[in-house]
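Geometric and topological summary
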Amino acid sequence: MKKTAIRLADGRELIYYDARDDAVREGIDQRPLERTRTTSEVRTDRLLGDRVVIASHRQGRTYHPPADQCPLCPSRPGEGRLTEIPAADYDVAVFENRFPSLAGDLGRCEVVCFTADHDTSFAGLSEDRAALVLDAWTDRTAELSRLPEVAQVYCFENRGAEIGVTLGHPHGQIYGYPFATPRTSAMLRSLAEHRQRTGGRNLFDDLLAEERADGRRVVLAGEHWTAFVPYAAHWPYEVHLYPHRRVADLRALGDAARAEFPGIYLELLRRFDRIFGPGQPPTPYVSGWHQAPFRHPDREGFALHLELFTIRRTSGKLKFLAGSESGMSVFINDVPPEAAAERLREVAS
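Summarised in this report is the structure supplied together with it. (Residues numbered from 1 in each chain as written. Predicted model: local features only at pLDDT ≥ 70, side-chain atom pairs only at ≥ 80, totals over all residues. Heavy atoms only, no water.)

Remarks on unusual backbone geometry
Spelled out, the test is: The way it works is that DSSP assigns letters per residue, a run of H or I at least four long becomes a helix, a run of E at least two long becomes a strand, and they are numbered from the N terminus.
You will see that Ser329, though not glycine, has its phi angle at about 60°, which is positive. The topology assignment puts Ser329 in the loop between α5 (323-328) and α6 (337-346).

Below you can see the structure in the form of C-alpha cells.
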C-alpha cells in the first residue's frame, strides 16, 4: 500500500491509498475555499450521562447534488469539475470532512471514498479493493490513536437515502470521538459484570462460542471469521461479524484474518442486497467497526467486531424508531433473529 498525503485549498488533509507502489496522484486543489469553521460543542445529558454533539454549522452541508456535481468524484479541471479530490483518478481516498461534527479539541471526522466509480457500491468492489479499504481503516485507526483528543475510532458506512445519506458516491466515514461512546461504554460494563459473575470469563469469547455451537443464527463462517444474527437483534436484519481470535481493534488483526475478511464481508453485503428478492432497490444499511477505546483500562478484554444492519423490514416497508424505541430505548423487532439468519443463508451466492 502506498500513501500520498496532500493539503486541500482550505488546509484540510487528504490521503490517497493506492495498491500499487508506483502510483502517482497529482493535482492541486484549485478551489477558492476559506478555512473550515465549526461551531461544535459536546454537552452531557445529566439524566442519562450521554454526550450530545451540537453542530449547527452542518445545516449548510452538501445535500443530494446531481451526479455530475458529486464532490467525491475525481476532479476534471478541463470539464470545469473541481471536487474534494484533486486527482484525476484514485483507488481509495480519505480526507477531513468539510462539515465535521467533531473537530479540533473535540476529535476528528473523516470521509473515506472507496472508489472513484460513482455508480458502484461497496458490494461491487473487488476483493483487492476491499482489502485496500481495510488497510485504510487500519491506518487511520493507528494515526488517530496518536491524537490526544481522540479516545475512540469508529469506521462506518451509511448506505441509502432511507438511512439519511446525502451523497450517492460509495463512501463511508471515520469518527474520532473525544470520549468512549455510550454504546461502547455499555458493552464494557457488561464485560466487567460477566467477568465478575463467571470468575474471570470473557463475555465476547463466550458469546461467539455459544453462537457458533448453537448454529441457528450463524449466517456465514470462515476459518477466521463468523457472522451471525445476534440473539436479541434490534433491527429486522442485523449481522455481527467477529474474528475468531479476539483483538481490541483493527491494528491487531492477524494476516490470515485480514486476508479472509474481504471475501466474507463482500458476500455479506451481496446477501443483504438479495434479502427482499429480485427487482428490489439496493438494501439501505449501516455498517460499522466497534473498536476498543484507546486508553480504557479494560480495552484488551474488548472484542473488535463489525455490526451490519438494515432499517428495511420487508419489501417497501421500513422499520421506524417510534414511541418505544425513540422514547424509551426499548426496541421491538418484527423479524425473529432465527428467521433473519435463515433468510440470509438462503440468499448465499
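As for the pattern of salt bridges
Spelled out, the test is: Within this document, salt bridges are pairs made up of a side-chain nitrogen of Lys or Arg and a carboxyl oxygen of Asp or Glu, the two lying within 4 Å of each other.
In total, this model carries 36 salt bridges according to the counting rule given. Where Glu300 meets Arg299, a salt bridge forms, and the shortest distance between an N and an O atom there is 3.4 Å. Shared partners join several salt bridges into a network, and the residues in it are Arg7, Glu13, Glu96, Arg108, Glu110 and Arg140.

Looking at helix α4 (residues 255-272)
How we decide: To estimate how far a helix should reach, multiply one less than its number of residues by 1.5 Å. Note on bend: the value at a residue is the angle between axes fitted to the seven residues ending there and to the seven starting there. When accessible area is computed with a 1.4 Å probe and restricted to protein chains, residues below 20% of their type maximum are described as buried, those above 50% as exposed, and intermediate ones as partly exposed.
For α4, which comprises 18 residues, the first-to-last C-alpha distance of 27 Å matches the rise-based estimate of 26 Å (1.5 Å per residue) to within 8%. A bend of about 35° at Phe261 is the largest found in α4, and the proline Pro262 appears one to four places after it. Burial analysis of α4 places 13 of its 18 residues in the buried class, which makes it a mostly covered element.

Some details on the nonpolar core
Formally: In this text, buried Ala, Val, Leu, Ile, Met, Phe, Trp, Tyr and Cys residues form a nonpolar core when linked through side-chain atoms within 4.5 Å.
Formed by 52 residues in total, the largest nonpolar core has its most connected members in Phe122, Trp137 and Trp289. Membership of the second largest hydrophobic core comes to 16 residues, among which are Cys73, Tyr90, Phe95 and Leu167.

As for the sheet that holds strand β7 (residues 152-159)
Put simply, the rule is: Here, a strand pair is defined by DSSP locating no fewer than two bridges between the strands. Lines fitted to C-alpha atoms define the axes here, with helix axes fitted over just the stretch in contact, and angles between the N-to-C directions of these axes take values from 0 to 180 degrees.
A sheet is described by the order of its strands in space; here 11 strands give the open sequence β1-β2-β5-β6-β8-β7-β12-β13-β11-β10-β9, paired in antiparallel fashion. The open sheet is flanked by β1 (2-7) and β9 (218-221), the only strands paired with a single partner. Pairs of neighbouring strands in the sheet enclose a mean axial angle of 20°, with direction left out of account. The pairing of strand β5 (residues 92-96) with strand β6 (residues 108-113) spans 4 bridges and is antiparallel.

What to know about the pairing of strand β11 (residues 237-243)
Looking down a regular strand, the side chains alternate between one sheet face and the other. Of all 7 residues that make up β11, 7 are buried, and the element is covered over most of its length. Of the two faces of β11, the one carrying Tyr237, Val239, Leu241 and Pro243 and the one carrying Glu238, His240 and Tyr242 are both buried. The pairing of β11 with strand β13 (residues 305-310) spans 5 bridges and is antiparallel. Opposite Glu238, over in β13, you have Phe309 as the bridge partner.

A word on the environment of Leu72
The test is simple: Any two residues whose heavy atoms approach within 4.5 Å are treated as being in contact.
Secondary-structure assignment places Leu72 in the loop between β4 (51-54) and β5. Taking relative accessible area as the criterion, Leu72 reaches 2% and is therefore assigned buried. Between the C-alpha atom of Leu72 and that of Ile85, which follows or precedes it by 13 residues, the distance is 6.5 Å. Not counting residues within four places of it along the chain, the set of residues in contact with Leu72 comprises Ile85, Tyr90, Phe95, Val111, Cys113, Leu167, His169 and His171.

Side note on the side chain of Arg140
By the secondary structure assignment, Arg140 is in helix α1 (residues 127-145). Residues within four places of Arg140 in sequence aside, it is in contact with Glu13, Ile15, Tyr17, Val94, Arg108, Glu110 and Ile174.

Concerning the pairing of strand β8 (residues 171-177)
The element β8 is extensively covered by neighbouring structure, given that 7 of its 7 residues are classed as buried. Side chains His171, Gln173, Tyr175 and Tyr177 of β8 all project onto a buried face; the interleaved residues Gly172, Ile174 and Gly176 project onto the opposite face, where all are buried too. With 6 bridges joining them, β6 and β8 adopt antiparallel strand pairing. Counterpart to Glu110 in the pairing with β8 is Ile174. Summarising the sheet, β7 and β8 pair through 5 bridges and their orientation is antiparallel. Among the inter-strand pairings, Cys155 is bridged to a residue of β8, identified as Ile174.

Digging into the packing of α1 against α4
Quick note on the threshold: Note on convention: the crossing is left-handed when the near helix lies turned anticlockwise from the far helix by less than a right angle, right-handed when the turn is clockwise.
Running from amino to carboxyl end, α1 crosses α4 at an angle of 115°, the nearest separation of the two axes being 9 Å. In terms of crossing hand, the pair formed by α1 and α4 is right-handed. Along its contact with α1, which presents Glu127, Ala130, Ala131, Leu134, Asp135, Trp137 and Thr138, the element α4 presents Arg258, Phe261, Pro262, Gly263 and Leu266.

Some thoughts on α6
Convention followed: Each direction from the helix axis to a C-beta atom contributes to the arc, which is the arc of those directions.
All buried positions along α6 are accounted for by Pro337, Ala340, Ala341 and Leu344. Taken down its axis, α6 places every buried residue within 100° of arc, on the same side. The inward-facing, buried residues of α6 contact β9, β11 and α4.

Quick notes on the state of the cysteines
To keep it simple, the criterion reads: Note that a disulfide, as used here, is simply two cysteine sulfur atoms within 2.5 Å.
Summed over the entire model, instances satisfying the criterion amount to 0 disulfides. In this structure Cys109 is not part of a disulfide, and its nearest cysteine sulfur, from Cys155, lies 12 Å away. For Cys113, which is in no disulfide, the shortest distance to another cysteine sulfur is to Cys70 and amounts to 7.7 Å.

Quick notes on the environment of Gln152
What counts, and what does not: Any pair of nitrogen or oxygen atoms within 3.5 Å is treated as a polar contact; in protein, a donor-acceptor pairing is required on top of that, and neighbouring residues in sequence qualify only through side-chain atoms on both sides.
If you trace the backbone, Gln152 turns up in strand β7. In this structure the C-alpha to C-alpha distance between Gln152 and Asp249, which are 97 residues apart in sequence, comes to 10.0 Å. Residues within four places of Gln152 in sequence aside, it is in contact with Tyr175, Gly176, Tyr177, Phe179, Ala180, Thr181, Thr184, Gln291, Pro293 and Phe294. A polar side-chain atom of Gln152 sits 3.1 Å from the main-chain carbonyl oxygen of Gln291.

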